[in-house]
Amino acid sequence: MDTSSTAPTDTPAMATSDTSATKTPPPAIICIGMAGSGKTTFMQRLNAHLHAQKTPPYIVNLDPAVKNVPFERNIDIRDSVNYKEVMKQYNLGPNGGIMTCLNLFATKVDQVIGILEKRKDAGSIDCVLVDTPGQIECFVWSASGAIITDALASAFPTVIAYIIDTPRTTSPATFMSNMLYACSILYKTKLPMILVFNKTDAQDAAFAKEWMTDFEAFQRALRESEEGNDEGVGGSGYMASLLNSMSLMLDEFYKHLDLVAVSAMTGAGIEDFMVAVKGKCEEYERDYRPEMEKARKKRDEQRIKEKEKELDRLMKDMDVDGGVSSKSGRKKSMPKEEEEQDLLSDMESSDEEAGQGMQERDEDEGAMDEDEEGLQARYERELREKGGTDAGVLQDASLRRYLGANQM
Ligand SMILES: Nc1nc2c(ncn2[C@@H]2O[C@H](COP(=O)(O)OP(=O)(O)OP(=O)(O)O)[C@@H](O)[C@H]2O)c(=O)[nH]1
């Protein structure tokens, strides 16, 4: 298979002048957002900002389908897998191609984390930036996306930056859809999240801040859009009441989020974003890491228990526990039901040994038996019809031998 799947290579990140920064672990920022929300532009702006601060980030591109990336990457999925070739070889569409590339890349995630950890230990990383495919579900809802995110989160304080296209979110319906998506990503990844309202040079994000902090303001906007027959709300009472109940439910969710208004185009709000990242990293260390470690410990314990159970079962199957004195012997301390079950299987096996159990029929063998029987019956009938013993026939030594052999 020529998917050009090679080990990820990294381009050395510039060593920072201030190695004291390594005292606090560098954050990993995973940029997720709908297609066209401005992830790449945002990363480009962030990259420029961090370079200006003399803390250049370590950049990982996980979008195999992107054509031009306007900044230097240290690790690029496109160096490991060839998106077009994957599509051709597996006969896939664009989304299937992206998912397969991510799956192939996920098999090398240990190497990627190894590279990152080496750089972290050397103190040459201040921040890891990860760009993801615009087909959000390919990353968020795929097993490989979860593997990559988990691996990163186990090595670095990881923050999700959920990029939102502000001008396209001004209607209560699209706003709510976006919030639900963010909520599901938070639930899926279980990582701290920052809502990045991008393109604020084109549309102020004040309305979003208001809707997220003042439930009544959102209700008002809902009513207005219903009266104005807004896109998605459409005068149907059902949609408005659905949004209404959802906004109540999401009220709790908003409390766990930071909202930052930025313009990737002009650079406004980037500093606020970095402050929010710092806050989320503290939150990660305080709340998320202990939870993650608890979950990992539980998973390991569960795995050990399952292994012990398997081993126990295997030992029983092999009679290593000494519970059986002989094949037909009674088994020590065995519950009645189990004993019956075991007896049944013993019977089955002894039947099999005696050749009475259910066995596959050998067709040739059966045909031969029938032929032999038929021949003997035919011969006896012949004898009877010819009046008992036909000297001529019985004198035939070979036939006598044949009859004798069959009557034995
Ligand atoms: N006005 C304005 N336009 C922006 C801003 N950020 C991005 N854009 C524009 O939005 C469009 C999409 O930007 P990208 O950065 O390619 O978006 P993306 O999310 O990476 O796109 P995919 O990777 O294809 O999903 C481009 O035309 C950008 O110029 C911004 O802050 N303000």
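What you see is a predicted model; the values in this text were computed from it and never measured.

What counts, and at which threshold
Residues numbered from 1 in each chain as written. Predicted model: local features only at pLDDT ≥ 70, side-chain atom pairs only at ≥ 80, totals over all residues. Heavy atoms only, no water. Salt bridge = Lys/Arg side-chain N within 4 Å of Asp/Glu carboxyl O. Helix = DSSP H or I, 4+ residues; strand = E, 2+ residues; numbered from the N terminus. Buried < 20%, exposed > 50% of the residue type's maximum accessible area, 1.4 Å probe, protein only. Near = heavy atom within 4 Å. Polar contact = N/O pair within 3.5 Å; in protein donor to acceptor, adjacent residues only side chain to side chain. Areas by Shrake-Rupley, 256 points an atom, 1.4 Å probe, with all protein chains shown as cover. Nonpolar A, V, L, I, M, F, W, Y, C, P; charged D, E, K, R; others polar. Contact = heavy atoms within 4.5 Å. Disulfide = S-S within 2.5 Å. Pairing = 2+ DSSP bridges.

1. Quick notes on the pattern of salt bridges
Per the counting criterion, the structure on display carries 10 salt bridges. We note a salt bridge from Lys294 to Glu291, for which the minimum N-O separation is 3.6 Å. Pair noted here: Lys294 and Glu291 are both in helix H12 (residues 270-317), with a separation of three residues, about one helical turn. A relative accessible area of 47% means that Glu291 is categorised as partly exposed. Through salt bridges with shared partners, a single ionic network connects Arg73, Asp76 and Arg78.

2. What about the site of the ligand?
In the vicinity of the ligand there are 15 residues, among which Lys39, Thr40, Thr41, Asp201 and Ala264 approach most closely. A distance of 2.5 Å separates an oxygen atom of the ligand from a polar atom in the side chain of Thr41. Starting from 650 Å² of accessible surface for the ligand in isolation, the protein chains cover 68%. Looking at which element gives the most residues to the shell around the ligand, the answer is helix H1 (residues 39-52), with three residues. Within the shell around the ligand, the residues separate by chemical class into four nonpolar, eight polar and three charged.

3. Quick notes on the environment of Lys280
Here Lys280 shows up in helix H12. Given the relative accessible area of 1%, Lys280 is considered buried. Separated by 86 residues in the primary sequence, Lys280 and Ile194 place their C-alpha atoms 8.0 Å from one another. Other than its neighbours up to four places away in sequence, Lys280 contacts Val159, Pro192, Met193, Ile194, His256, Leu257 and Asp258.

4. Some words on the state of the cysteines
Scanning all chains against the criterion turns up zero disulfides. Distance from the sulfur of Cys31, which forms no disulfide, to the nearest cysteine sulfur (Cys127) is 9.2 Å. Overall, Cys31 belongs to the buried group, its relative accessible area being 0%.

5. Digging into the pairing of strand S6 (residues 193-198)
Two faces make up the sheet, and in a regular strand the side chains alternate between them. Across the six residues of S6, six count as buried, placing the element largely inside the fold. The alternating pattern of S6 places Met193, Leu195 and Phe197 and Ile194, Val196 and Asn198 on opposite faces, both of which are buried. One ladder, built from six bridges, connects strand S5 (residues 158-165) with S6; its direction is parallel. Looking across to S6, one finds that Asp165 is bridged to Asn198. As defined by bridge partners, S6 adjoins strand S7 (residues 258-261) across four bridges and the pair is classed as parallel.

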